[in-house]
Amino acid sequence: MHELTFENVTKRYGKHTVVEDLSFTVHPGRVTGFLGPNGAGKSTSFKILLDLASADRGHAAIGGTRYRDLRDPSRTVGVLLEHAYHPGRTGRNHLRILADGSGIPLRRVDQLLELVGLGDAADRHAGTYSLGVRQRLGLAAALLGDPPVLVLDEPGNGLDPPGIRDLRDLLRARAAAGGTVFVSSHLLAEVEHLADEVVVLNRGRLVTTGNLSDLQQAGISVQTPAVERLAIVLTDAGGTAHRVSDRELLVRGLPIEQIGDQACTAGIPLHGLAPQIGSLEDLFMEWTGDVERRDAPSTPEETEWEVSPR
Amino acid sequence: MTWPRLVRAELRKISTTKLPWGFLAVLIVVAGLNGSVVIWGTDMDGSKTFISTALDQQSLMAFAANAMIGTGLFGAIAVAREFGHNTVVPTFLTCPRRYRAVLAQFTAITIVGGLLGLVGEALVIGAVAGALPFTDYGFLASADGVLQLLAASTWAGAAGALLGGGLGALVRNVGGAVTAAVVLLFIVPPLVVQLLSDAASWLPDALNRVVAGVATDPVSVPAALAALAAWAVIPAALGLLAIERRDVV
């Protein structure tokens, strides 16, 4: 079983800190989505994990071992990063080169070309491939050594709907078989369908990590005629309260029972109390600080306020 | 068993693009030019004394200096394009001990560079031998002389490819690496001669003439071989060091 671990990883390019004190674990048997806006540090984190870039502080490991110390890296970790092929080389030869270097029999190349649906394009120059076909070639390269760990950067880019469905089925099957699947994607709806857990970065820092379904149920809608008083009470109790309207708060960080008890103790009437499941897109916007921009109110009276925990 | 498979992968990398075939085409053109010179070329006085002795013919056929320049460009392109196309990423993922991957790549381009030098020399010798019957002179070079030419061009081709590969690893950009190879092999030597005339014997052109047996420089053949190897190994070592230390971005 191969856990992926990041421990206090920091990476700077000159004065610019790309990744700062990043610590999290990606568990086997799960599909873990790696989310963050452009420039959040996802690609750099992948490169540090794969020893393509060195961390200034901290370290990343695969099953407790640094990538460069793995005995058979191609049979341990399958990787899809940015497109890496010679445009004048055929897809089949691209895979044969990787197979040669890894000591993998060439018949495995033919199997994979069929698996990813590249049979017809395999003997054309990769420079003539569409984005989707290039992506399939990259996936074939990642799967060449039949590795228990997959690290994939935007694997769904350019794939058509059947391709995305095939990819989802493949990754789910890998995770179900005990594999570790770590996938970055900008296709949030796809991640919502695919991922069991998420790791979210913003500006090089870890924003949140955990079980996606738990994170999505993190909000509780509270209907009350006294939103300001209740917000203060709940914030004092350790929660976070967002004002949705004059009569509704969205509360995070407190169990539903405690919200009811706190309101009762303070003598604040409640007209409704219900868990809310947020879409991943809404949560992503909130995690990455885009909620204010996206929901920017048009008049001062409608200003949304938030009371942070003390 | 990792080493042979890494070299095999690198050889497949080279053989599955048009790069070596392009260089082979250039060699055929160069050989054709040599044949044309034999048939139609003359000295200033209109005679053909430039092919009148065995040493003259051997000098005309000596391809080692050209081989070193040509394969220098080949090595520079072969290594630098890996960074341009990002194919260095799967290479280092397959073999994360980068020095091993790079040494395998250097080995492959050295083999192919040596082969290009050998083939280039063989084509030139063939073209000259084929053209001489159209003149008043026969093929005068001895078998030993021909063997020495072939060996010298093979050595020069290998050294040039390794030198170019080192520059490609240092510069990581095809245009920059080719420019660096041209500067090192074309522009630096005459400047060195201007500044340090004693160093002229240790420049690639003079060394290649010694190894090919067509010069009477004070440098011995073994010393010339070693010096040519140093011209190749130093940039290669610097390139290897740079790749070990840098991030792949």
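Residues numbered from 1 in each chain as written. Chains lettered and ligands numbered in written order. Predicted model: local features only at pLDDT ≥ 70, side-chain atom pairs only at ≥ 80, totals over all residues.

**Some thoughts on the sheet that holds strand S5 (residues 77-80) of chain A**
All names here are of chain A. Operational definition: When DSSP finds two or more bridges between a pair of strands, those strands are recorded as paired. The secondary structure listing takes helices from DSSP runs of H or I that are at least 4 residues long and strands from runs of E that are at least 2 residues long, numbered from the N terminus. Helix axes are fitted only over the stretch in contact, all axes being lines through C-alpha atoms; the angle between N-to-C directions runs from 0 to 180 degrees. Note on contacts: each residue gets a C-beta atom placed from the backbone, and two residues are in contact if those atoms are within 7 Å.
Here we have six strands laid out as an open sheet, ordered S5-S6-S7-S3-S8-S9, and mixed in their pairing. Two strands lie at the open edges of the sheet, namely S5 and strand S9 (205-211), each paired on one side alone. On average, each strand axis in the sheet is tilted by 10° relative to the strand beside it, whichever way the strands run. Both strand S3 (residues 31-35) and strand S7 (residues 180-184) contribute to a ladder of four bridges, which runs parallel. Bridging across to S7, Thr32 finds its partner in Phe182. Sheet strands touched by helix H1 (residues 42-49): S3, strand S6 (149-153), S7 and strand S8 (197-202). Its angle to S6, the strand with the most contacts, is close to 145°.

**Notes on the pairing of S6(A)**
Residues and elements named next belong to chain A. Note the cut-off: Think of it as a crowd count around each C-beta: if 20 or more other C-beta atoms lie within 10 Å the residue is buried, if 12 or fewer it is exposed, and in between it is partly exposed, with C-beta placed from the backbone throughout.
Summarising burial for S6: four of the five residues are buried, a large majority. Across four bridges, the pairing between S5 and S6 is parallel. Residue Val77 lies in a different strand from S6, and its bridge partner there is Val149. Across five bridges, the pairing between S6 and S7 is parallel.

**Re the domain arrangement of chain A**
Residue and element names in this part refer to chain A. Operational definition: Segment limits for the domains were obtained from an automatic or database-derived domain assignment.
Domain annotation for chain A reports domain 1 (4-212) and domain 2 (217-307). Computed from C-alpha coordinates alone, the two centres of domain 1 and domain 2 are separated by 37 Å. Tallying the contact residues gives ten residues for domain 1 and six residues for domain 2. Of all the elements in the fold, those that place two or more residues in the side of domain 1 that touches domain 2 are helix H7 (188-194), S8 and S9. Per element, the largest residue contribution to the side of domain 1 that touches domain 2 is three residues, and it comes from H7.

**Description of the packing of helix H6 (residues 98-131) of chain B against helix H10 (residues 221-245) of chain B**
Residue and element names in this part refer to chain B. Counted only if it meets this: Crossings are sorted by hand: turned counterclockwise from the far helix by less than a right angle, the near helix makes the crossing left-handed, and turned clockwise it makes it right-handed.
Put simply, H6 and H10 touch, their axes get as near as 9 Å, and they point 145° apart. Crossing geometry of H6 relative to H10 is assigned as right-handed. Listed contacts from H10 to Arg98, Tyr99, Val102 and Phe106 of H6 are Ala236, Leu240, Ile243 and Glu244.

**Describing helix H9 (residues 227-236) of chain A**
Residue and element names in this part refer to chain A. Filter applied, for reference: Taken from the helix axis, the directions to the C-beta atoms give the arc we talk about.
Taken together, the buried positions of H9 are occupied by Val227, Leu230, Ala231 and Leu234. Buried positions in H9, seen along its axis, are confined to an arc of 105° and lie on one side of it. Where H9 ends, the next residue or the one after it, Gly238, has phi of about 105°, a positive value.

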